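The primary structure of each chain is shown beneath.
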Amino acid sequence: MKLCELFGKGRTVFTCEVFPPKRTAPVDSIYKTLDGMKDIRFDAISVTFGAGGSTVNQSTQEIACLIENQYHTPAMAHLTCVAAGREEVDRILDQLKAGGVENILALRGDANPDYPPKTDFKYASELVAYIRERGDFGVSAACYPEGHLESPDLVSDVRRLKEKVDAGAQHLVSQLFFDNGDFFRFLERARIAGINVPIEAGIMPVLSAKSIQRMVSLCGASMPAKLTRILARYGDHPDALREAGVAYAIDQISDLIAGGVDGIHLYTMNNPDVARQIAGSIDAIRKI
């Protein structure tokens, strides 16, 4: 099933992201994560793509096919411009098609200093267009509620996003954010610009002060005063921070659903316990 077909059916779509194991770990270790989330029944599961290195990227395809065929859940394989040239994209698309994977998240990607970036596709919009021409895939793209770090302003950022949609992106997944006001203002800008495809809100629960500060520095997400207070109060107490971080994510999701968001995309960080806790807390509200 194409992911764009999940929307418009009277309930909030609920998807998630997992990432392949480290190169030193066997790919089979992903079973622990997927088995732990079986009872959640996500509408779809996306699988990240490494910034470089054939072992990581091959795992993306293997895991996506596993999700489709063993867990019977639509999978969305990430694919990046910096890590895949035209020949590699062709090979990956053939493998995904053979494995029954119909959905791809096309990204520019972050460069890995250990691997020189590929140059066949400069922008995600070019990769989107190529995939749409290459085969019958559902193609998704990323969006940035607070603007991409490299965009000069929010208007330019939305124009770039419109280029992705015009190139054939049928569904958008947002970067993480912690202030729902930022997302709703972005959504308004996108709709005014004529971007009418489904847009999922990307939510990452705060479980570690160190990891979330690293993520914020990489993507440029702002830290609301409420979240800053949580980190200051509980940052040195892992159990307390986890409880407060999960509660913050649940509060974000509840408000987003009340505001009529198309879908929620949960960044699970391969933590099935947290995913189950969040899913259980929003199960009733996402059906209304």
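Calculation notes
Residues numbered from 1 in each chain as written. Predicted model: local features only at pLDDT ≥ 70, side-chain atom pairs only at ≥ 80, totals over all residues. Heavy atoms only, no water. Helix = DSSP H or I, 4+ residues; strand = E, 2+ residues; numbered from the N terminus. Rg over C-alpha atoms; globule rule 2.2 N^0.38 Å. Buried < 20%, exposed > 50% of the residue type's maximum accessible area, 1.4 Å probe, protein only. Contact = heavy atoms within 4.5 Å. Areas by Shrake-Rupley, 256 points an atom, 1.4 Å probe, with all protein chains shown as cover. Lys, Arg positive; Asp, Glu negative; His and termini not counted. Charge placed at Lys NZ, Arg CZ, Asp CG, Glu CD. Pairing = 2+ DSSP bridges. Axes fitted to C-alpha atoms, helices over the stretch in contact; angles between N-to-C directions. Parallel < 35°, antiparallel > 145°, perpendicular 65-115°, else oblique. Left-handed = near helix turned anticlockwise from the far one by under 90°. Nonpolar A, V, L, I, M, F, W, Y, C, P; charged D, E, K, R; others polar.

**Student:** Sorry, what's going on with the overall build of the chain here?
**Tutor:** Assigned secondary structure in the chain consists of 10 helices and eight strands. Its C-alpha atoms give the chain a radius of gyration of 18 Å, near enough to 19 Å, the size a compact globule of 288 residues would have. Residues counted as buried form 52% of the 288 residues belonging to the chain. If you take every contact in the chain between residues at least 6 apart in sequence, the share linking residues at least 24 apart comes to 81%. Accessible surface for the chain amounts to roughly 13,400 Å². Of this, 50% is attributable to carbon and sulfur atoms. Distance from the positive charge centre (32 side chains) to the negative charge centre (37 side chains) of the chain: 1 Å.

**Student:** Sorry if this is basic, but what is going on with the pairing of strand β8 (residues 263–267) here?
**Tutor:** Each regular strand shows side chains that alternate between the opposite faces of the sheet. Across the five residues that make up β8, a large majority, five, are buried. Of the two faces of β8, the one carrying G263, H265 and Y267 and the one carrying I264 and L266 are both buried. Note that strand β7 (residues 199–203) and β8 share four bridges and pair parallel. Note that in β8 the partner of I203 across the bridge is L266.

**Student:** Mind showing me how you'd approach the packing of helix α3 (residues 86–98) against helix α4 (residues 124–134) here?
**Tutor:** When two helices pack together, their arrangement is captured by the angle between the axes and the distance separating the axes. Two elements in contact, α3 and α4, have axes separated by 11 Å at closest approach and are oriented at 50 degrees. Between α3 and α4, the angle falls in the class oblique. Between α3 and α4 lies a crossing of right-handed hand. Between α3 and α4, the residues in contact are R86, V89, D90, L93 and D94 and L127, Y130, I131 and R134, respectively. The residue inventory of the contact of α3 with α4, partitioned by class, reads five nonpolar, no polar and four charged.

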